[in-house]
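Reading the structure
Single-letter residue listing:
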Amino acid sequence: GMTYATLVGNDTQSGFAVVAERLDLGPGSRPTLLDGAGSPLPAEQQPFGDLAGAKFGAVPVLTVEVLYTFFLVFVVLRSAVSSKNPEYKEYFPIAIAFTVLAGAYGAGVVSGGCFNPAVAIGIDVTSAWAGVEWCIPYALAEFFGAALAVGVNSIMEGEGKGAKYFSEFIGTFFLVLTVGLNVTCQSAAGALSIAGSLIAAIYACGNVSGAHLNPAVSTALLLSGRGVHSVGDYFPYVVSQLAGGLVAGLTYAGITGISFPLGHGTGYSWADVTFAEFTYTFEIGRASCRERV
């Protein structure tokens, strides 16, 4: 923090003053959509309505810091140090990196996306001219998220079927949470962030439950007849995935204060939607069956 704050200074303004203006740690602002001329659209056309441009409150900010710090530490524990990993687990840097990518684009608008006490303190102290007030709550939220990850990881290290179902719940939760935050917060790289959450969840949960994270995938694996998924596990898997998705939906709606309806985009029909959903769900199911068989 001291290094970058020193580097951006010039003859007329201290680098720390520049950083304070541009990088003050704390709640982000709700996105504001602009028209072609660069002017804000009317409130009725804004996803956040009259709240467009208003800052998020402390609860949403600290909630996303807890959740994505949890996800980061959880993926570290599952992909780097779990006893269930293969001897040569050289995939863990990819899993960890995509966790940060998922959270930074998904929750960055809300909190800035620190997920690390060192980041929070480094940013806040070097922008002290704008006030040092958020690094302590951020750090406490992040330590709490890390502690939760340790507890959940201990459950995932178990051998019972409950660990498998919990794995599907956790993985699906973070996938849907990342989808919801990217869409509601108008992310600049939603597809990349959502893909990152899926990649990280698969690496973290794959050695426990197979990381289906999707009832369509579980259905495809059951119907493949290759014995990689049993009838006895099918319904608990689907229930766990649906529960994870539902809780995630309530979570991102609670964080942002808004939700979004499913439906076809402007200029497209339900036939277009059906074709797209069928085609790409088919590809996901096909790829899942080939990978696991």
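Provided above is the structure to which this section pertains.
Now for a look at the structure at hand.

Parameters and conventions
- Residues numbered from 1 in each chain as written.
- Predicted model: local features only at pLDDT ≥ 70, side-chain atom pairs only at ≥ 80, totals over all residues.
- Heavy atoms only, no water.
- Axes fitted to C-alpha atoms, helices over the stretch in contact; angles between N-to-C directions.
- Helix = DSSP H or I, 4+ residues; strand = E, 2+ residues; numbered from the N terminus.
- Parallel < 35°, antiparallel > 145°, perpendicular 65-115°, else oblique.
- Left-handed = near helix turned anticlockwise from the far one by under 90°.
- Contact = heavy atoms within 4.5 Å.
- Nonpolar A, V, L, I, M, F, W, Y, C, P; charged D, E, K, R; others polar.
- Salt bridge = Lys/Arg side-chain N within 4 Å of Asp/Glu carboxyl O.
- Buried < 20%, exposed > 50% of the residue type's maximum accessible area, 1.4 Å probe, protein only.
- Phe/Tyr/Trp six-rings, centres within 6.5 Å; stacked < 30°, edge-to-face > 60°.

**Some details on the packing of helix α4 (residues 92-111) against helix α7 (residues 161-184)**
- α7 packs onto α4 with a crossing angle of 40° between their chain directions and a minimal axis gap of 8 Å. The orientation of α4 with respect to α7, classified from their angle, is oblique. For the element pair α4 and α7, the recorded crossing hand is left-handed. Taking contact as the criterion, the partners of Ala 102, Tyr 105, Gly 106 and Ala 107 in α4 are, on α7, Thr 178, Leu 181 and Asn 182.
- Looking at side-chain class alone, the contact of α4 with α7 contains four nonpolar, three polar and no charged residues.

**Some details on the environment of Ala 243**
- On the secondary structure map, Ala 243 appears in helix α10 (residues 231-256).
- Spatially, the C-alpha atoms of Ala 243 and Ala 220 are 20 Å apart, while their sequence positions differ by 23 residues.

**With respect to unusual backbone geometry**
- For Phe 115, which is not glycine, the phi torsion reads 60° and is therefore positive.
- For Phe 115, the location among the structural elements is in the loop between α4 and α5 (117-126).

**A word on the side chain of Thr 178**
- Relative to the helices and strands, Thr 178 resides in helix α7.
- Those residues in contact with Thr 178, other than ones at most four positions away along the chain, are Tyr 68, Ala 102, Ser 193, Ile 194 and Ser 197.

**Looking at the pattern of salt bridges**
- This structure, assessed with the given rule, holds two salt bridges.
- For Arg 78, the salt bridge goes to Glu 157, with nearest N and O atoms at 2.6 Å. Of this pair, Arg 78 sits in helix α3 (residues 58-81) while Glu 157 sits in the loop between α6 (135-156) and α7, placing them 79 residues apart in sequence.
- On the basis of relative accessibility, which here comes to 0%, the residue Arg 78 falls in the buried class.
- Residue Asp 233 is joined to Lys 161 by a salt bridge in which the shortest nitrogen-to-oxygen separation is 3.7 Å. Separated by 72 residues along the polypeptide, Asp 233 in helix α10 and Lys 161 in helix α7 bring together distant segments of the chain.
- A relative accessible area of 46% means that Lys 161 is categorised as partly exposed.

**Here we look at the packing of aromatic side chains**
- In total, this model carries 16 aromatic pairs according to the counting rule given.
- For the pair Phe 166 and Phe 169, a centre-to-centre distance of 6.4 Å together with 10° between the ring planes defines the contact as stacked. Of this pair, Phe 166 and Phe 169 are both found in helix α7, three residues apart, which corresponds to roughly one turn of the helix.
- The exposure class of Phe 166 is partly exposed, given its relative accessible area of 24%.
- Looking at Phe 169, the relative accessible area reads 22%, which means it is partly exposed.
- Here Phe 169 and Phe 173 contribute two aromatic rings whose centre-to-centre distance is 6.5 Å and whose plane-to-plane angle is 15°, an arrangement assigned as stacked. With a gap of four residues between them, Phe 169 and Phe 173 both fall in helix α7, about one helical turn apart.
- Its relative accessible area of 8% is what places Phe 173 among the buried residues.
- Grouped by ring-pair contacts, the aromatic residues Tyr 68, Phe 70, Phe 71, Phe 74, Phe 115, Phe 166, Phe 169, Phe 173 and Phe 174 constitute a single cluster.

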